[in-house]
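Tertiary structure, described
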Amino acid sequence: MNLRPPRVKGLGLVAWLAGILFFLPIAWMVLTSFHSEESAATNPPSFAASLTLDGYRDFFGTTGGASPWPALVNSTVASLASTLFVLVLALPAAYALSIRPVKKWTDVLFFFLSTKMLPVVAGLLPIYLFAKNTGMLDNIWLLVILYTSMNLPIAVWMMQSFLAEVPIAVIEAARIDGARLPTLLARVVAPIAIPGIAATALICFIFSWNELLFARVLSGVVAQTAPVFLTGFITSQGLFLAKVCAASLVISLPVLAAGFAAQDKLVQGLSLGAVK
């Protein structure tokens, strides 16, 4: 016997409709990626068009185009390395602001958040001139440093709220046993706050993987990332829709895979502290 009130059923139906609406563009992109360019360019679109892998062959360079693997490797290195550096720096900072709070810690958090208020394009020219004068243009490690500095404020802000839920009694017990700060962070705080750390890492990874402006201006051939490689499909000859959809799907897969792998930790982390 179904005892759910009609209001709950209505909200569930609305949630399903909203989910379907959000999923439709992705489903359409996947379907278009398996069409030929002629079928993808038809108006109105042809749902019953024959399927082909030509878009994926063009993307992976099997028909003579540029290979996407260097760009994918660059994006992977920049995203993973910057996320690792962010976690290493954000964990002790968040510990100082939550478990061992400093004076005026709310002002410190506001300062971290205020650094995100500056438009990214406002810092583009100074960073470009710095990279040019130091010989770091088209260098993947310059992007790693930039992504680390860009994601660090939001990571500290997020992890401060996560670490505030760590029981003080556990930390005090570890101190009595003689645990120093590195051991305390690695063996006590981190395992308890792992859902929040995973949520922070996933968000930082997504932000780094999707970043385009700095990568477009500061990279050339050697440090070209996947989003920059994707913009190369828009040429003077027009927009090859099937090829772009295939490329977009492939470039989105690492983020989707990371989100799927960490979905349980992500839900726990984002809901940490929501119920008292």
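Up top you'll find the structure we're talking about.
Residues numbered from 1 in each chain as written. Predicted model: local features only at pLDDT ≥ 70, side-chain atom pairs only at ≥ 80, totals over all residues. Heavy atoms only, no water.

1. A look at the overall build of the chain
Our working definition: Strands here are runs of E lasting at least two residues and helices are runs of H or I lasting at least four, both read from the DSSP assignment and numbered beginning at the N terminus. For every residue, the accessible area (1.4 Å probe, protein chains only) is compared with the maximum for its type, and the residue is labelled buried under 20%, exposed over 50%, or partly exposed between those bounds. When checking whether two residues touch, look at their non-hydrogen atoms; a contact exists if any pair is within 4.5 Å. Using a 1.4 Å probe, accessible areas were evaluated by the Shrake-Rupley method; residue-level cover was limited to the displayed protein chains.
A tally of regular secondary structure across the chain gives 14 helices and 2 strands. Looking at the chain as a whole, 35% of its 276 residues are labelled buried. Looking at the chain alone, contacts between residues at least 24 apart form 76% of all its contacts between residues at least 6 apart. Of the roughly 16,300 Å² of accessible surface on the chain, 71% is carried by carbon and sulfur atoms.

2. A closer look at the environment of L256
Within the fold, L256 resides in helix α13 (residues 241-261). On the basis of relative accessibility, which here comes to 52%, the residue L256 falls in the exposed class. Sequence separation of L256 and I206 is 50 residues, and the distance between their C-alpha atoms is 9.4 Å.

3. A few points about the packing of helix α4 (residues 69-98) against helix α10 (residues 194-210)
Note the following rule: Axis definition: a line fitted to C-alpha atoms, over the contacting stretch in the case of helices. Angles run 0 to 180 degrees between N-to-C directions. Relative orientations are named as follows: roughly parallel for angles under 35 degrees, roughly antiparallel for angles over 145 degrees, roughly perpendicular for angles from 65 to 115 degrees, and oblique for any other angle. Handedness of a helix crossing follows the sense of rotation of the near helix relative to the far helix, less than a right angle counterclockwise being left-handed and clockwise being right-handed.
It is the contact of α4 with α10, at a shortest axis distance of 9 Å, that shows an interaxial angle of 140°. Judged on the interaxial angle alone, α10 and α4 are oblique. Crossing handedness for the pair α4 and α10: right-handed. Contact with α4, carried on its side by L72, S75, T76, S79, L80, S82, T83, V86, L87 and L91, involves I197, T200, A201, C204, F205, S208 and W209 of α10 and no other residues of that element.

4. Focus on the side chain of T52
Counted only if it meets this: In protein, a polar contact requires one atom able to donate a hydrogen and another able to accept it; more generally it is a pair of N or O atoms within 3.5 Å, and residues adjacent in sequence count only if both atoms are side-chain atoms.
Inspection of the secondary structure puts T52 in the loop between α2 (37-40) and α3 (54-59). T52 gets classed as buried once you look at its relative accessible area, which sits at 18%. Within polar-contact distance, the side chain of T52 engages the backbone nitrogen of D54 at 3.2 Å. In this structure, T52 is in contact with S33, F34, H35, S36 and R57, ignoring residues within four places of it in sequence.

5. Observations concerning the nonpolar core
Here is the rule we go by: Residues enter a nonpolar core if they are buried and are Ala, Val, Leu, Ile, Met, Phe, Trp, Tyr or Cys, with the set joined through side-chain atoms within 4.5 Å.
In this structure, L91, Y95, L163 and V189 are the most contacted members of the largest nonpolar core, which totals 28 residues. Mapped onto this core, the elements with two or more residues apiece are α4, α7 (140-163), α8 (168-176), α9 (181-192) and α10. Contacts of L163, omitting those with residues within four sequence positions, involve L91, A94, Y95, S98, I99, V189 and A193. Listed in part, the 18 residues of the second largest apolar core include M29, V244, A247 and L249.

6. Here's the deal with α9
To be explicit about the condition: A helix's residues, less one, multiplied by 1.5 Å, set its expected span.
Between its first and last C-alpha, α9 extends 15 Å over 12 residues, near the 16 Å set by a 1.5 Å rise per residue. Among all positions of α9, only L184, L185, V188, V189 and A190 are buried.

7. Things to note about the packing of aromatic side chains
Applicable threshold: Two rings from Phe, Tyr or Trp (for Trp, the six-membered ring) form a pair when their centres sit within 6.5 Å of each other. Planes less than 30 degrees apart are called stacked, planes more than 60 degrees apart edge-to-face, and all others tilted.
The tally for this structure, following the rule as stated, stands at 5 aromatic pairs. A centroid spacing of 4.9 Å and a plane angle of 75° characterise the contact between F59 and F60, whose relative ring orientation is edge-to-face. Each residue in the set F59, F60, W69 and F229 is aromatic and connected to the rest through ring pairs, giving one cluster.

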